[in-house]
Structure formats: structure tokens, C-alpha cells
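Fold and geometry: a report
Chain residues, written in single-letter form:
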Amino acid sequence: MKKLIPSYVRVPLLFAVVFAALEYFIDSGDRPAFIKFPMVALFLGVFLFLLIAIEIVIDAVDKVTYHLLTDEQKKQLAEAQSVSFTESKWYQNIVSKLTRSKEIEREEDIMLDHDYDGIKELDNVLPPWWVYLFYGTIIFAAVYLVRFHIVGDYTQAEEFNKEVELAELEKSKLPKDPADEVSYETVVALTDAASLAKGKEIFTNACAACHKADGGGLVGPNLTDDHWINGGGIKNIFKLISEGSKNNPSMVAWKSNLSSKDIQSIASYILTLKGTNPAGAKAPEGEIWKETAEPAAATVVDSTKVDTPAK
């Protein structure tokens, strides 16, 4: 049977539409959905298999049906298939409904009496699609007028500010400037009141459930004594908060939820808890940590300089 779109076009087209829809609606981050989620790849494979199977079955049914036709029916089918798409009744009906134009043989029905040097004018009606589109613009204008100028919905300035906020939110998700990032190698203890207050706030909201608000320890260890399981000091504490603890699965990595600046503030605040000795604190765990001083920079001696003896 003659089909408007051949199967070798129809199958890839349908598969591409479904594939694009899955990629659009499934949030897979910076990776394709069919790679990040194996079930999506499985679904696409099954869907493609079904499309090919359906085409094979339809082709087989068409062949069986064709052989069951009589010679007269086969002749009629061949004549129907020889008609081009633009000459088909279906296409002609669509064009007629969209344009409402008169056939050339009936132009005298809409011929006007005007005659300009032998040139006459036809009184064709406007195409329905154009008329409906014009009516749609009138309805849209009325709704817009009521919504934005009578009811007083959001203004263009408010819409602009909203778009700016969304843009800033997206911008905040971009990789930060390396100069603003803090790493294990560059982290130092903060002592200013603002940073410590911020660290205390985050500690109270995120860490107190395991370590108590006073740092005395609950599920997690006591943070106020000299003992540390994973090493003390600003660098080790920063690394532990950022990457989590291999010794304790409860201590998860916070680097995906907090910025490096926030982790630095928390680590700096934890250092201030040392020696506070809160009531009901847990027993010490780990080993005593002693902060070692950074190795002093070597003094460069100028060999060309000659010391002058004191007089």
C-alpha cells in the first residue's frame, strides 16, 4: 500500500522525536539522559525495536491483503496510488477549507462589474486562516489590556527584575573564580567576628545534630578537647568537613552543599571551641593533636657581601 511517508523516514523521525522529548524533560545535568540513566537507554532500545517490528508487521499485512484482492481491485488501487499528493481529494479539501477560493471555471460568480482597460477584479473572500488569526490578535489585545492596564498585573520592570534574579541564580552555579576559592593548601584560620559568627550559625544548623550545639559531641565526637580522630588543625578540619570521613560514614562530605568559604568559617569556629569543656561532653576519642609550626623560610645569604669588623 502507498504511504505518504516511507518507513525508512517515519521510523527515524518518530525515534528522534521521542529521544528529544526524553532529553528535554529528564534533568540529567551535563550528561545525556540515556548515559546517566541506564533505564532511559533501555527504553529507547525497546522503543526502536517495537517501531521496526510494527513496520515489518504492517508491511507483511499489506502484502497479504494485496494478494487477496481481485484483478479489478488491484487495478483500482494502482490508479488511486498513481494520483499525486497535491491532486488527491484530501489535499484539495484542505486547500479549499483554508482558502475558500473559487475554481477558475466559476470565476464569473465573483467577477465585479469594474473594468479597468479590460482588467477585471475578482471579489474573493479573505482566507479563513487569516481571518481567524486577525480575530485572535483582537482577543489577545483585549486580554492584555485588562490584565496589565486594568487589573494591574506585573509590570515590565518587575518582569525584568525577575529575569535578572534568575540570571544571577544561574550565574551563581557557574565555576567560581579560583581567587575566591579556598583549598586544603591555602586555608587559614579566620579570627574576625563576622566569619566566626557565620561559622557558628552554619555549625548550629548543620553540625549540632551530631556534635551538639556546644561541640561536646553526641553521635559525633567531642570537638572541644585535644583529641582528634582524623587530625586537628585548620587544614585537617577543613578537609574533613569538605570531603567527609572514611572512618565514619555519618560524617558526609559537605563540599557539594557548602562553599569553600563557608567550610573555612565552620572550621575556624570549631577551633574556638577548644578548651570550653561543656557539661556532659563525650570522652576523648582519637589521639592528642599538637599543632606544628610551619617550617621557617630559609635565610638567603649573600656570599658577595663582606662583613665589616666592628670597631
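Look above for the structure.
It should be emphasised that the depicted structure is a prediction, and the values quoted were computed from it without experimental measurement. (Residues numbered from 1 in each chain as written. Predicted model: local features only at pLDDT ≥ 70, side-chain atom pairs only at ≥ 80, totals over all residues. Heavy atoms only, no water.)

As for the pattern of salt bridges
One pass over the full model with this rule turns up five salt bridges. Here Lys 63 and Asp 59 are joined by a salt bridge, their closest N and O atoms 3.4 Å apart. Here Lys 63 and its partner Asp 59 are both found in helix α3 (residues 38-68), four residues apart, which amounts to about one turn of the helix. A residue is classified by how much of its surface remains accessible, and Asp 59, at 38% relative accessible area, is partly exposed. As a salt-bridge pair, Lys 274 and Asp 226 come within 3.5 Å of each other at their nearest N and O atoms. Of this pair, Lys 274 sits in the loop between α11 (260-271) and β4 (287-288) while Asp 226 sits in the loop between α9 (208-211) and β3 (227-228), placing them 48 residues apart in sequence. For Lys 274, a relative accessible area of 53% puts it in the exposed group. Since its relative accessible area comes to 35%, Asp 226 is described here as partly exposed. (Salt bridge = Lys/Arg side-chain N within 4 Å of Asp/Glu carboxyl O. Helix = DSSP H or I, 4+ residues; strand = E, 2+ residues; numbered from the N terminus. Buried < 20%, exposed > 50% of the residue type's maximum accessible area, 1.4 Å probe, protein only.)

Quick look at the state of the cysteines
In total, this model carries zero disulfides according to the counting rule given. Not part of a disulfide, Cys 207 finds its nearest cysteine sulfur in Cys 210, a span of 8.3 Å. Take Cys 210: its relative accessible area is 29%, and that puts it in the partly exposed class. (Disulfide = S-S within 2.5 Å.)

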